[in-house]
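# A closer look at the structure
Here's the letter readout for the chains.
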Amino acid sequence: MLCQHLNGLTLENLIPKANYPTFRCEECLLINGRWVHLRICQTCGKMLCCDSSEHQHARYHYEETGHAVVSSAELGEDWLWCYPDEQQKVY
Ligand SMILES: [Zn+2]
Ligand SMILES: [Zn+2]
Ligand SMILES: [Zn+2]
């Protein structure tokens, strides 16, 4: 069973990678940090770094704001991840 956060999100209504002219972690830019992979917050559209990155800004953003779902910003990766429910959905 998909969680309530992922259930309604589809290719038609999610915030797509194509919206972003440049791929970067907004928070890492401010502190000169380095990221490994990028995630897009599907609540507010922030692009932030993944759990493999030193600063884990996407997870921190979830903990701070409660914004539950991110998508992968990586080319060829078409999935969403829900932090509170630890569920993935391929779209
Ligand atoms: Zn969820
Ligand atoms: Zn970052
Ligand atoms: Zn957000």
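None of these values were measured; they are calculated from a predicted model. (Residues numbered from 1 in each chain as written. Chains lettered and ligands numbered in written order. Predicted model: local features only at pLDDT ≥ 70, side-chain atom pairs only at ≥ 80, totals over all residues.)

### Re the UniProt feature "domain: UBP-type" (unreviewed entry) in the chain
Condition: UniProt positions are given in the numbering used here, feature names are shortened, and annotations may be inferred rather than shown by experiment. Strands here are runs of E lasting at least two residues and helices are runs of H or I lasting at least four, both read from the DSSP assignment and numbered beginning at the N terminus.
Sites flagged by UniProt as "domain: UBP-type" (unreviewed entry) map to residues 1–91. Along residues 1–91, the helical share is 21% and the strand share 21%, with 15 Å between the first and last C-alpha atoms.

### So, unusual backbone geometry
Cut-off, in case you're wondering: The burial criterion counts other C-beta atoms lying within 10 Å of a residue's C-beta, which is placed from the backbone; the residue is buried at 20 or more, exposed at 12 or fewer, and partly exposed between these limits.
The backbone of glutamine 56 sits at a positive phi, close to 45 degrees, despite the residue not being glycine. When you line up the elements, glutamine 56 lands in the loop between β2 (47–49) and α3 (57–65). For glutamine 56, a count of 19 C-beta atoms within 10 Å gives the class partly exposed. Even without glycine at this site, glutamate 86 takes up a positive phi of about 50 degrees. Along the chain, glutamate 86 turns up in the loop between β4 (79–82) and β5 (87–90).

### Points about the pairing of β5
As a reminder of what qualifies: For two strands to be treated as a pair, DSSP must find at least two bridges joining them.
As judged from the 4 bridges shared by β4 and β5, these two strands associate in the antiparallel manner. Opposite tryptophan 81, over in β5, you have glutamine 88 as the bridge partner. Counting the residues between successive antiparallel strands, the hairpin from β4 to β5 contains 4 residues, one of them, glutamate 86, with a positive phi of roughly 50 degrees.

### Observations regarding the nonpolar core
Condition: By convention the nonpolar core is taken to be a set of buried residues drawn from Ala, Val, Leu, Ile, Met, Phe, Trp, Tyr and Cys and joined through C-beta atoms within 7 Å. We call two residues in contact when the distance between their C-beta atoms, placed using the backbone, is within 7 Å.
Counting residues in each nonpolar core, the largest one holds 19 residues, and the members touching the most others are Leu38, Cys49 and Val69. Those residues within four positions of valine 69 in sequence are excluded, and the remaining contacts are His5, Leu6, Leu9, Gln42, Thr43, Leu80, Trp81 and Cys82.

### Some remarks on the environment of leucine 48
As for its placement among the helices and strands, leucine 48 is situated in strand β2. Sequence spacing of leucine 48 and phenylalanine 23 is 25 residues, and the spatial spacing of their C-alpha atoms is 9.3 Å. Ignoring any residue separated from it by four or fewer positions in sequence, one finds leucine 48 in contact with Cys25, Glu26, Glu27, Arg39, Cys41, His57, Ala58 and His61.

### Some thoughts on the environment of tyrosine 62
For tyrosine 62, the position within the fold is in helix α3. When the C-alpha atoms of tyrosine 62 and threonine 43 are compared, they prove to be 10.0 Å apart, with 19 residues separating the residues in sequence. Setting aside anything within four residues of it in sequence, one finds tyrosine 62 in contact with His67, Ala68 and Tyr83.

### Thoughts on the sheet that holds strand β1 (residues 38–41)
Each strand in a sheet pairs with its neighbour through backbone hydrogen bonds, running either in the same direction (parallel) or in the opposite one (antiparallel). What counts, and what does not: Only the stretch in contact is used when a helix axis is fitted, and all axes are lines through C-alpha atoms; the angle between N-to-C directions ranges over 0 to 180 degrees.
Here 5 strands make up an open sheet; going across it, the order is β2-β1-β3-β4-β5 and the pairing antiparallel. Each end of this open sheet is capped by a strand with a single partner; those strands are β2 and β5. Strand-to-strand twist in this sheet, taken as the mean axis angle between neighbours without regard to direction, amounts to 35 degrees. Judged from the 3 bridges that link them, strand β3 (residues 69–72) and β4 form a sheet pairing that is antiparallel. The residue bridging valine 69 from the neighbouring strand is cysteine 82, located in β4. Along the sheet, α3 makes contact with β1, β2 and β3, crossing β2 at roughly 115 degrees.

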